[in-house]
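# Observations on the three-dimensional arrangement
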Amino acid sequence: MEMINKKYRASVTIEMSYIMPFILFLIFILINTTFYFHDKIIMSGIAGETLVVMTQYEREAGKEKIDFKEFLKKRAENKLILLNLTDINISTEKDKVKVSLTAQKGKMNVSIEQKAIITQPEESLRKKRKWEMISQEENK
């Protein structure tokens, strides 16, 4: 009877030697995927935050020049776990700003691009008030 129990225990050990590497591989893939999406979300947040600061800066004239690439690099410093930030492109047009980020590690490559329109709400409010005043004068 004791011989049979030893045989079954050895069988379980051999089966586990095949199963455990597969389980460890799945755990490694799960952790790696989690780090990938963490870095992607962090990059998206940093790009969005930079866009907000850029649109506010562009609305206000007469301020000193800000290097937004350095601003973005400081924001990304020590936050990415898996990927390394490789390329930063920031462009400003007449009424639009765009931030593009690229990060990679080995063959993995992530690109984030966000755009925003520079709004001038105070101008539209002034026009609205002006039209309201004109319409009130015509109604009198």
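None of the values given here were measured: they were computed from a predicted structure.

## Looking at the nonpolar core
By size, the foremost hydrophobic cluster in this structure holds 21 residues, and its most contacted members are Met43, Leu72, Leu83, Val99, Leu101, Val110 and Ile112. Taken together, the elements giving at least two residues each to this core come down to helix H1 (2-59), helix H2 (68-76), strand E2 (96-105) and strand E3 (108-117). The dominant element in this core, judged by the number of residues it contributes, is H1, at seven residues. Once residues within four sequence positions are removed from consideration, Leu72 is found in contact with Ile46, Thr50, Leu85, Ile88, Val99 and Leu101.

## Quick notes on the pattern of salt bridges
Taken as a whole and assessed by the stated rule, the structure comprises two salt bridges. Note that Arg75 is salt-bridged to Glu49, the shortest N-O span being 2.6 Å. Residue Arg75 is located in helix H2, and its partner Glu49 is located in helix H1; the two are separated by 26 residues in the primary sequence. According to the relative accessible area criterion, Arg75 is partly exposed, its value standing at 32%.

## A word on the sheet that holds E3
Taken together, the three strands give an open sheet; going across it, the order is E1-E2-E3, and neighbouring strands pair in antiparallel fashion. Edge positions in the open sheet fall to strand E1 (84-92) and E3, since each of these has one partner strand only. If you compare each strand with its neighbour and ignore which way they point, the axes differ by 10 degrees on average. As defined by bridge partners, E2 adjoins E3 across 10 bridges and the pair is classed as antiparallel. Directly across from Gln104, in E3, lies its bridge partner Asn109.

## Observations concerning the packing of aromatic side chains
All told, the structure shown has two aromatic pairs when counted by the stated rule. Aromatic pair Tyr36 and Phe37: ring centres 5.2 Å apart, planes at 80 degrees, arrangement edge-to-face. A residue is classified by how much of its surface remains accessible, and Phe37, at 44% relative accessible area, is partly exposed. Ring centres of Tyr57 and Phe68 lie 5.6 Å apart, and the angle between their planes is 75 degrees; this geometry places the pair in the edge-to-face category. Separated by 11 residues along the polypeptide, Tyr57 in helix H1 and Phe68 in helix H2 bring together distant segments of the chain. Per residue, the accessibility class of Tyr57 equals that of Phe68, and both read buried.

Definitions and limits used
Just so you know, the residues in each chain are numbered from 1, in the order the chain's sequence is written. Only residues with pLDDT of at least 70 are given local features in this predicted model, and only at 80 or more are side-chain atom pairs given and counted; all residues enter the totals for whole chains, interfaces and linings. As a convention, hydrogens and water are excluded, and side-chain values are obtained from all of the structure's heavy atoms. Nonpolar cores were defined as sets of buried Ala, Val, Leu, Ile, Met, Phe, Trp, Tyr and Cys residues, with membership established by side-chain atoms within 4.5 Å. Note on exposure labels: buried denotes an accessible area under 20% of the residue type's maximum, exposed denotes more than 50%, and partly exposed covers the range between, all computed with a 1.4 Å probe on protein chains only. For helices the rule is a DSSP run of H or I covering at least 4 residues; for strands it is a run of E covering at least 2, with both sets numbered from the N terminus onward. Contacts are assigned to residue pairs that have any heavy atoms within 4.5 Å of one another. By salt bridge we mean one thing: a side-chain nitrogen of Lys or Arg within 4 Å of a carboxyl oxygen of Asp or Glu. Two strands are said to pair when DSSP picks up at least two bridges between them. Axis lines are fitted to C-alpha atoms, over the contacting stretch for helices. Their N-to-C directions set the angle, which ranges from 0 to 180 degrees. When the centres of two rings from Phe, Tyr and Trp lie within 6.5 Å, Trp using its six-membered ring, the rings pair. Their planes under 30 degrees apart give stacked, over 60 give edge-to-face, and anything left gives tilted.

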